[in-house]
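Now for the letters of each chain:
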Amino acid sequence: MTDTIDRPALVGEDADTLRGYYRQMVLIRRFEERAAQGYTQAKIGGYCHLNLGEEATVVGLMAALRPTDYLFTNYREHGYALAKGIDPNRVMAELYGRSTGTSKGWGGSMHMYDTETRLLGGYGIVGGQLPLAVGAALAVDYRGGDDVVMCQMGDGTSNIGAFHESLNLAALWNLPVVFVVINNKLGMGTTVEKASAEPELYRRASAYRMRGERVDGTDVLAVRDIARQLVEQARNEGRPALLEAISHRLRGHSVVDPAKYRAESAVTAAQAADPLVKFKDRLLSSRVLDEATAAELEQSAQHEADAAVAFADASPHPDPSTLFDYTYATPVPGESRRLPADPLF
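About the criteria used
- Residues numbered from 1 in each chain as written.
- Predicted model: local features only at pLDDT ≥ 70, side-chain atom pairs only at ≥ 80, totals over all residues.
- Heavy atoms only, no water.
- pLDDT = per-residue confidence, 0-100.
- Contact = heavy atoms within 4.5 Å.
- Pairing = 2+ DSSP bridges.
- Helix = DSSP H or I, 4+ residues; strand = E, 2+ residues; numbered from the N terminus.
- Right-handed = clockwise from strand over helix to strand, strands pointing away.
- Axes fitted to C-alpha atoms, helices over the stretch in contact; angles between N-to-C directions.
- Salt bridge = Lys/Arg side-chain N within 4 Å of Asp/Glu carboxyl O.
- Buried < 20%, exposed > 50% of the residue type's maximum accessible area, 1.4 Å probe, protein only.
- Polar contact = N/O pair within 3.5 Å; in protein donor to acceptor, adjacent residues only side chain to side chain.
- Phe/Tyr/Trp six-rings, centres within 6.5 Å; stacked < 30°, edge-to-face > 60°.

### Description of the confidence of the model for the chain
Link 1 in the chain: Confidence in the prediction for the chain averages 93 pLDDT; 97% of positions are at 70 or higher.
Link 2 in the chain: Between residues 1–7, whose pLDDT stays under 50, and residues either more than four places distant or in other chains, the model counts 22 contacts.

### Observations concerning the pairing of strand β6 (residues 211–216)
Link 1 in the chain: Pairing of β6 with strand β7 (residues 241–246), which is carried by six bridges, proceeds in the parallel orientation. If you follow D216 over to β7, its bridge partner there is I246.
Link 2 in the chain: On the question of chirality, the crossover connecting β6 to the parallel β7 by way of helix α8 (residues 220–237) is right-handed.

### Some points on the sheet that holds strand β3 (residues 177–183)
Link 1 in the chain: Strand order in the open sheet formed by five strands is β1-β2-β3-β7-β6, and the pairing between neighbours is parallel. Across the chains shown, the open sheet's two edge strands, defined by having one partner strand only, are β1 (70–72) and β6. Within the sheet, the average angular offset between the axes of one strand and its neighbour, ignoring direction, is 20°.
Link 2 in the chain: When β1 meets strand β2 (residues 149–154), the two strands line up parallel, connected through three bridges. In the strand pairing of β2, L71 is matched with M150.
Link 3 in the chain: Where helix α2 (residues 55–63) meets the sheet, it contacts β1, β2, β3 and β7, and its direction lies at approximately 170° from that of β3.
Link 4 in the chain: Across the sheet, helix α6 (residues 161–172) touches β2, β3 and β7, and the angle it forms with β3 is around 150°.

### As for the pattern of salt bridges
Link 1 in the chain: Tallied over the entire structure, the rule returns 24 salt bridges.
Link 2 in the chain: A salt bridge links E244 to R214, with the shortest nitrogen-to-oxygen separation between them at 3.0 Å. Highlighted residues: E244 in strand β7 and R214 in strand β6, separated in sequence by 30 residues.
Link 3 in the chain: You can call E244 buried: its relative accessible area is 0%.
Link 4 in the chain: Here the residues in one salt-bridge network are E13, R224 and D225, joined through shared partners.

### A look at helix α4 (residues 88–95)
Link 1 in the chain: Of all eight residues in α4, six are buried, a share of seventy percent or more.
Link 2 in the chain: Buried within α4 are the following residues: P88, V91, M92, A93, E94 and L95.
Link 3 in the chain: One side-chain oxygen of the residue at the start of α4 lies 2.9 Å from the amide nitrogen of N89, identifying that residue as D87.
Link 4 in the chain: Among the residues trailing α4, G97 stands out with phi positive, at a value near 70°.

### Quick look at the packing of aromatic side chains
Link 1 in the chain: In this structure the tally under the stated criterion is one aromatic pair.
Link 2 in the chain: Measuring from centroid to centroid gives 6.3 Å for F72 and Y123, while their planes differ by 20°, and the two rings are stacked. In this pair, F72 sits in strand β1 while Y123 sits in the loop between α4 and α5 (129–143), placing the two residues 51 residues apart along the sequence.

### Notes on unusual backbone geometry
Link 1 in the chain: Here G121 and G122 are connected by a cis peptide whose omega angle stands at 25°.
Link 2 in the chain: Of note, K104 is a non-glycine position whose phi angle comes to about 60°, a positive value.
Link 3 in the chain: Within the element layout of this structure, K104 appears in the loop between α4 and α5.
Link 4 in the chain: For K104, a relative accessible area of 42% gives the class partly exposed.
Link 5 in the chain: A positive phi is found at N174, a non-glycine position, where the angle reads about 55°.
Link 6 in the chain: Tracing the backbone shows N174 in the loop between α6 and β3.

Here it is as structure tokens:
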């Protein structure tokens, strides 16, 4: 039953929507836990970067977009794929390298792609997504559409050339793109303060005369609200913006990173800021949730994550004959399709 919350801090919020946010956050958490398990079982290969601890940021950002808006992400994108609306089965199958995955098993963890939901990557090269996102925003503007491009990145990306080039062009051409820096305080293993002369990264927007904002990434509603403002500004006025979300990660840079470079106090602070615990407590205290309903949502999310693993496990591997099917968008004369074991002549 839908009702409108009329209690402090949640005035005007729809109860079903809030419960939906919580359920989505739990699904991302359980999905990522199962992904970590699959990696340790050697069922997932390559690199694997998890959104553990960033669930509120992910859900809040995706709640600010229309289904037709475009999303570009870095390699830490599983949660974004889920929140953008991709079937968890297809996301897990991609991690497992199976043909039923979002990229037919050839992309893996870092290269999710889905034209239906307009998730246009998944990029393994740091900052590789920024120029492409600006290009997509230019295409939207050129065609006269009202879609918006959101481009997500980590804090370390704000120090590379493509970051500054992309923000400069977006501002110069008044493009409908919102850049989002997920600041978990660590560019891989280096603190922001030791890598950035200006550690308050949202301030870099001022160099390009665009709006810059900072938000608590552990608060899903705060993230949603400021992201909506920036998205609608881009949609209606064609003005780009930069949003910095302070969002702790609960694990190392990747699944294989023990994160021994982190001080115990930093780990404790990240655990204390766990967005799932904070949001659940907030909903319980506001009587949007009760313990029984919370348990049902959590059990449902766990079941969905487990089902995704079962689906991935049962899905076929890509046939080796399809290895070169997507090397080029159109046929190329003389293209070599020789497999490693094939004779040269």
